[in-house]
Amino acid sequence: MAKTASTPGGSGMASGGKKEKDHPPPLPEPLRVPVADSHTHLDMQPGTVDEALAKAASVGVTTVVQVGCDLAGSRWAAETAAAHENVWATVALHPNEAPRIVLGDPDGWSRQGAREPGGDRALDAALDGIAALAALPQVRGVGETGLDYFRTGPEGMAAQERSFRRHIGIAKEHGKALVIHDRDAHDDVLRVLTEEGAPDTVVFHCYSGDAAMAEICAEHGYYMSFAGNVTFKNAQPLRDALAVAPLDLVLVETDAPFLTPVPYRGRPNAPYLIPLTLRAMAEVKGVPEDALATAVAANTARAFGY
């Protein structure tokens, strides 16, 4: 997929022939206190960046953090943040990207298409590129990095961990937040953070742990960012984690175009839908909407240093 904010290809549907699930949800009621979307992928969403930002701002989402998942996407994130004052960037190789660089990608799942194995040398070269981007002033985080045992099997774990450790070093070298993708790998993510020594700021994007892990994160001062899946019927463990997470360590995100909150689950997500997730979070926390919005706005600015 091209690294632009143009409409993704592949639907093949004529205008007016879209199924309901392909239609963007309606605008929610605007927030009274502006907030930031702490994790989004504008390059995977339809429309232009300006359109996405205007739509988000109309409901009180006035800042977005554009997240890189590979070298090309990280360059795009940095360029987009440089061109828009309300966009900040993070740069990284996604945990699933590292094994593709090292081992190849014969099924063409990645957006670069099929690739030949490049080995550790190719991974190190890509990480050098991420390190150079991390030095830029509009880049406020290194991520999303971490470990993902859902999509990558045992053969890719070494490449993931090698990449994760290097990202931790890059974040510390440049004084940037470390944005973690943790899927089915909680214990190992915490282990590597301990072994390497965590940066001053750590954000668990799309927090996926339970309440016990939330207490561990709180002890270490790690931020926990909650996405639309906190509204899903089967996500009670996430709501339990949110309930015990300290208010000063909570962020909100879309991870758009993924994880659209209820009642629009399965339809395209975008930063303008943040109010739905934030309101559900306020209910779980038992705090007024404005109080939670005030807290997450301050937390996001503090975490990403803007």
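Look above for the structure.
The shown structure was predicted, so the numbers you read here are calculated from the model rather than taken from an experiment.

Trainee: Looking at this structure, I do not really get the overall build of the protein chain. What am I missing?
Mentor: Looking only at helices and strands, the protein chain has ten helices and eight strands in total. Taken along its principal axes, the extent of the C-alpha atoms in the protein chain is 50 × 50 × 35 Å. Evaluated residue by residue, the protein chain yields a buried proportion of 54% over its 306 residues. In the protein chain, of all internal contacts separated by at least 6 residues, the share reaching a separation of at least 24 is 72%. Taken as a whole, the protein chain presents about 12800 Å² of accessible surface, with 54% of it coming from carbon and sulfur. Computed over 27 positive and 39 negative side-chain charges, the inter-centroid distance for the protein chain is 4 Å.

Trainee: Sorry if this is basic, but what is going on with the pairing of strand E2 (residues 61-67) here?
Mentor: A regular strand places its side chains on the two faces of the sheet in alternate fashion. In terms of burial, E2 is a largely internal element, six of the seven residues being buried. Relative to E2, strand E1 (residues 35-40) runs parallel, the two sharing four bridges. Along E2, the bridge assignment pairs Val35 with Val61. In this view, the connection linking E1 to its parallel neighbour E2 by way of helix H1 (residues 49-57) has right-handed handedness. Bridge count between E2 and strand E3 (residues 87-91): four bridges; the pairing is parallel. Opposite Val65, over in E3, you have Trp88 as the bridge partner.

Trainee: For this particular structure, what's the right way to read the side chain of His41?
Mentor: Relative to the assigned elements, His41 resides in the loop between E1 and H1. In terms of polar contacts, His41 uses its side chain to reach the side chain of Glu144, at 3.3 Å. Once residues lying within four places of it in the same chain are set aside, the contact partners of His41 are Gln66, Val67, Cys69, Glu144, Asp255, Ala256, Pro257 and Phe258.

Trainee: How should I be thinking about the pattern of salt bridges in this particular structure?
Mentor: Pairs can form between side chains of opposite charge whenever their charged atoms are close. Enumeration according to the criterion identifies 13 salt bridges in this entry. Close ionic contact of Arg165 with Glu196 constitutes a salt bridge, the shortest N to O distance being 2.6 Å. With Arg165 in helix H5 (residues 157-174) and Glu196 in helix H6 (residues 186-196), the pair connects residues that are 31 residues apart, well separated along the chain. The class for Arg165 is partly exposed, based on a relative accessible area of 22%. For Glu196, a relative accessible area of 31% puts it in the partly exposed group. Each member of the salt-bridge network shares a partner with another, and the members are Glu161, Arg165, Asp188, Arg191, Glu195 and Glu196.

Trainee: Explain the sheet that holds E1 here, please?
Mentor: In sheet architecture, strand pairing relies on hydrogen bonds along the backbone and comes in two forms, parallel and antiparallel. One open sheet holds the eight strands; their spatial order is E1-E2-E3-E4-E5-E6-E7-E8, and the pairing between them is parallel. A strand with exactly one partner marks an edge of an open sheet, and here the two such strands are E1 and strand E8 (250-252). Adjacent strand axes in the sheet meet at a mean angle of 30 degrees, parallel and antiparallel pairs treated alike. Alignment of strand E7 (residues 223-226) against E8, held across three bridges, turns out to be parallel. What sits directly across from Phe226, in E8, is Val252. Together, strand E5 (177-183), strand E6 (202-204) and E7 form the strand contacts of helix H7 (residues 211-220), whose direction differs from that of E7 by roughly 135 degrees.

What counts and what doesn't
Residues numbered from 1 in each chain as written. Predicted model: local features only at pLDDT ≥ 70, side-chain atom pairs only at ≥ 80, totals over all residues. Heavy atoms only, no water. Helix = DSSP H or I, 4+ residues; strand = E, 2+ residues; numbered from the N terminus. Buried < 20%, exposed > 50% of the residue type's maximum accessible area, 1.4 Å probe, protein only. Contact = heavy atoms within 4.5 Å. Areas by Shrake-Rupley, 256 points an atom, 1.4 Å probe, with all protein chains shown as cover. Lys, Arg positive; Asp, Glu negative; His and termini not counted. Charge placed at Lys NZ, Arg CZ, Asp CG, Glu CD. Pairing = 2+ DSSP bridges. Right-handed = clockwise from strand over helix to strand, strands pointing away. Polar contact = N/O pair within 3.5 Å; in protein donor to acceptor, adjacent residues only side chain to side chain. Salt bridge = Lys/Arg side-chain N within 4 Å of Asp/Glu carboxyl O. Axes fitted to C-alpha atoms, helices over the stretch in contact; angles between N-to-C directions.

Read these as spatial facts, not as claims about activity.
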